[in-house]
Amino acid sequence: GAVVSQHPSWVICKSGTSVKIECRSLDFQATTMFWYRQFPKQSLMLMATSNEGSKATYEQGVEKDKFLINHASLTLSTLTVTSAHPEDSSFYICSAARYAYEQYFGPGTRLTVT
Amino acid sequence: QQQVKQSPQSLIVQKGGISIINCAYENTAFDYFPWYQQFPGKGPALLIAIRPDVSEKKEGRFTISFNKSAKQFSLHIMDSQPGDSATYFCAARGDRGSTLGRLYFGRGTQLTVWP
């Protein structure tokens, strides 16, 4: 149990285009989902916290107009990187909270902007 | 400001040995302390977790030791295997306002187990 999926697993896009990443909790309902960004050999950096049916809470320094988050249901959250630029290239990982404490991560999405 | 400090940054252990990774925190409001294992190109996987009212938790070869007074916790991997070679992250769960449930991560420990 407690499986979280992400789609796509990797994506290459041209500079200036937008990319949408989906995060789904497959076998449990998640009232809260989190989006992280991870650079090579570094820790996870929280970008935003997403609660079903409400606006996401962004961490300081994260551009909310650039990283659009929608938590449409208890099993689906999406991250849209708008007008992507090469500096947005990174590994994006979502997680979903089951019960109050346990947080399960997706497999990640490798974004490369050319 | 690093909320959770993790050491060492890298660790090399011989097969069959004990791997020990340490973490320290300052915020006494943290109420849940998980450890995650991450392989290259994959998302972190929840390994084991502990609440502050417990001093030790063991699951198979993995044990968390928790010292509430010292605000420290550690992961012990017994009989370390080459397949345990990965990056390990400790974390602490916050409990404040709009960031309810968010995890604060350590910087990670790259574990290499030599056969």
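Note: the structure precedes this text.
Let us look at the structure shown here.

About the criteria used
Residues numbered from 1 in each chain as written. Chains lettered and ligands numbered in written order. Predicted model: local features only at pLDDT ≥ 70, side-chain atom pairs only at ≥ 80, totals over all residues. Heavy atoms only, no water. Contact = heavy atoms within 4.5 Å. Buried area = accessible area lost by both parts, 1.4 Å probe. Salt bridge = Lys/Arg side-chain N within 4 Å of Asp/Glu carboxyl O. Helix = DSSP H or I, 4+ residues; strand = E, 2+ residues; numbered from the N terminus. Disulfide = S-S within 2.5 Å. Buried < 20%, exposed > 50% of the residue type's maximum accessible area, 1.4 Å probe, protein only. Phe/Tyr/Trp six-rings, centres within 6.5 Å; stacked < 30°, edge-to-face > 60°.

1. Description of the interface of chain A and chain B
Here's step 1: With 19 residues of chain A in contact, the opposing surface of chain B contributes 21 residues.
Here's step 2: When chain A packs against chain B, close to 1,600 Å² is buried across both sides, 56% of that on carbon and sulfur atoms.
Here's step 3: Contact with chain B buries surface across chain A, with A:Tyr101, A:Gln103 and A:Phe105 losing the most and accounting together for 34% of the total.
Here's step 4: At the boundary of chain A and chain B, one finds one salt bridge.
Here's step 5: The residue A:Glu59 makes a salt bridge to B:Arg102 at a minimum N-O spacing of 2.7 Å.

2. Focus on the environment of A:Glu59
Here's step 1: By secondary structure assignment, the location of A:Glu59 is in the loop between strand 6 (57–58) and strand 7 (67–73).
Here's step 2: A C-alpha to C-alpha distance of 20 Å links A:Glu59 and A:Gly106, two positions 47 residues apart in sequence.

3. A look at the state of the cysteines
Residue and element names in this part refer to chain A.
Here's step 1: Scanning the entire structure with this criterion turns up two disulfides over all chains.
Here's step 2: The residue that forms a disulfide with Cys23 is Cys94, at a sulfur-sulfur distance of 2.0 Å. Disulfide Cys23-Cys94: torsion about the S-S bond near 80°, hence right-handed. With Cys23 in strand 3 (residues 19–25) and Cys94 in strand 9 (residues 90–98), the pair connects residues that are 71 residues apart, well separated along the chain. Accessibility assignment for this pair places Cys23 and Cys94 in one class, buried.
Here's step 3: The structure places no disulfide on Cys13, whose sulfur is separated from the nearest cysteine sulfur, that of Cys94, by 18 Å.

4. With respect to the packing of aromatic side chains
Here's step 1: Overall, the coordinates contain 17 aromatic pairs over all chains when judged by the stated rule.
Here's step 2: When the centroid spacing of 5.8 Å and the interplanar angle of 85° are considered together, the rings of A:Tyr36 and B:Phe105 count as edge-to-face. Placement of A:Tyr36 in strand 4 (residues 32–38) and of B:Phe105 in strand 10 (residues 103–105) is noted, with the two residues assigned to different chains. Taken as a pair, A:Tyr36 and B:Phe105 share a single burial class, namely buried.
Here's step 3: Relative to B:Phe66, the ring of B:Tyr25 has its centre 6.2 Å away and its plane inclined at 20°; by these criteria the two rings are stacked.

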